[in-house]
Amino acid sequence: MNREAFLRIDNLKKGYGEGEAHVEVLQGISTAINRGEVCVLLGPSGSGKSTFLNLVGGLEPADSGTIWVGGTELTKLSDRNLVEYRRRELGFVFQFYNLVGDLTVQENIEVCEYLSENPLPIGELLRSLGLWEHRRKFPHQISGGQQQRCAIGRALVKNPSLLLCDEPTGALDYNTSKEILALMEQVNQEYGCTIVIVTHNDAIRHMAHRILRLRNGQFVEDSINTDVRPASSLEW
Ligand SMILES: Nc1ncnc2c1ncn2[C@@H]1O[C@H](COP(=O)(O)OP(=O)(O)OP(=O)(O)O)[C@@H](O)[C@H]1O
Ligand SMILES: [Mg+2]
């Protein structure tokens, strides 16, 4: 694997609220995630996992510290350039799939295609997502797992260099969760995108190259997994 640091975080701080109500959620965290890595971010509820993803995704400003993605220092970009960055570099996958209800599976993916100068071929993508047979159906006509596949397709079609996933299996049953994780593994291997997966599920760490754990505003773990296992072998 290419060992170039792709996502570099240095002394990142973020808090919410004024005066006595102020909570310092991220208290100066640092890490470096290599290009092409699958990284799992663990931590208890309220520890700041989504906050971290939102900062890296350029959805919220940091209070201080720096975020580098590739050659770009995010924390210095203007609003306009942030929009550009999100368009060009980033895919976002959430727990609840965020599909457009009156568009078909294929159309849901196609509306994200125009955002990129370099989109993936849609037929190939639909096949690798296991959605080819379902491409003309609407979201209410497919299962939760298929809806999440479609949401992943929306994030992937623009061929992002960074895929940020917030509890992507949080609403799915055991078998479907494993399928979605296997799909992420496949996407990482096929397209080489760097992936950050936020989860409560400790077992998922086994499929990651890097494990980050947040607690009380700090990374209490930042380790390389030397025994990466296939998603299909995970058990919990
Ligand atoms: N916009 C906001 N305004 C005020 N407080 C916020 C805001 N967003 C998050 N917080 C607070 O910041 C803390 C971290 O929230 P965050 O959503 O990042 O946690 P999380 O680790 O993703 O939790 P979960 O596992 O439950 O999703 C929480 O205490 C939350 O209440
Ligand atoms: Mg969260």
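Coordinates for the structure precede this section.
Sequence order as written defines residue numbering, which begins from 1 separately in each chain. Chain letters start at A and ligand numbers start at 1, both assigned in the order the entries are written. Where totals are concerned, whole chains, interfaces and linings use all residues; where local detail is concerned, this predicted model gives features only for residues with pLDDT of at least 70, and gives and counts side-chain atom pairs only at 80 or more.

1. Comments concerning the packing of helix 3 (residues 105-113) against helix 5 (residues 144-156)
- Between N-to-C directions, angles cover 0 to 180 degrees, with each direction set by a line fitted to C-alpha atoms, over the stretch in contact for helices. Each helix is a run of H or I in the DSSP string that is no shorter than four residues. Each strand is a run of E no shorter than two, and both are numbered from the N terminus. Closest axis-to-axis distance for the helix 3/helix 5 pair is 7 Å, and the angle between their directions is 25°. Classed by the angle they form, the pair helix 3 and helix 5 counts as roughly parallel. Crossing handedness for the pair helix 3 and helix 5: right-handed. Contacts between helix 3 and helix 5 pair Val105, Asn108, Ile109 and Cys112 from the former with Cys150, Gly153 and Arg154 from the latter.
- Classification used: nonpolar for Ala, Val, Leu, Ile, Met, Phe, Trp, Tyr, Cys and Pro, charged for Asp, Glu, Lys and Arg, polar for all others including Gly. The class makeup of the residues in the contact of helix 3 with helix 5 is 4 nonpolar, 2 polar and 1 charged. Comment on the angle field: the value is read as roughly parallel under 35 degrees, roughly antiparallel over 145, roughly perpendicular from 65 to 115, and oblique elsewhere. Two helices that cross are described as forming a left-handed crossing if the nearer one is turned anticlockwise from the farther one by less than a right angle, and a right-handed crossing if clockwise. Note on contacts: each residue gets a C-beta atom placed from the backbone, and two residues are in contact if those atoms are within 7 Å.

2. Focus: helix 6 (residues 174-191)
- Every helix has an expected span of 1.5 Å times one less than the residues it contains. With 18 residues, helix 6 should cover 26 Å at 1.5 Å per step; its first-to-last C-alpha distance of 26 Å lies within 8% of that length.
- Looking only at helix 6, the buried set comprises Ser177, Lys178, Ile180, Leu181, Leu183, Met184 and Val187.
- Buried residues along helix 6 sit against helix 5 and strand 8 (194-198).
- Once helix 6 ends, the next one or two residues include Gly192, with phi positive near 75°. Burial in this document is a count-based property: other C-beta atoms within 10 Å of a residue's C-beta are tallied, and the residue is buried at 20 or more, exposed at 12 or fewer, or partly exposed in between, with C-beta positions derived from the backbone.

3. Examining the site of ligand 1
- In the vicinity of ligand 1, the contacting residues are Tyr16, Gly17, Val23, Val25, Gly43, Ser45, Gly46, Ser47, Gly48, Lys49, Ser50 and Thr51.
- Those elements that provide at least two residues to the shell around ligand 1 are strand 2 (23-34) and helix 1 (49-56).
- Ranked by the residues each element gives to the shell around ligand 1, the list is headed by helix 1, at 3 residues.
- Considered class by class, the residues forming the shell around ligand 1 number 3 nonpolar, 8 polar and 1 charged. Throughout this description, a residue near a molecule or strand is one whose C-beta atom, derived from the backbone, lies within 6 Å of it.

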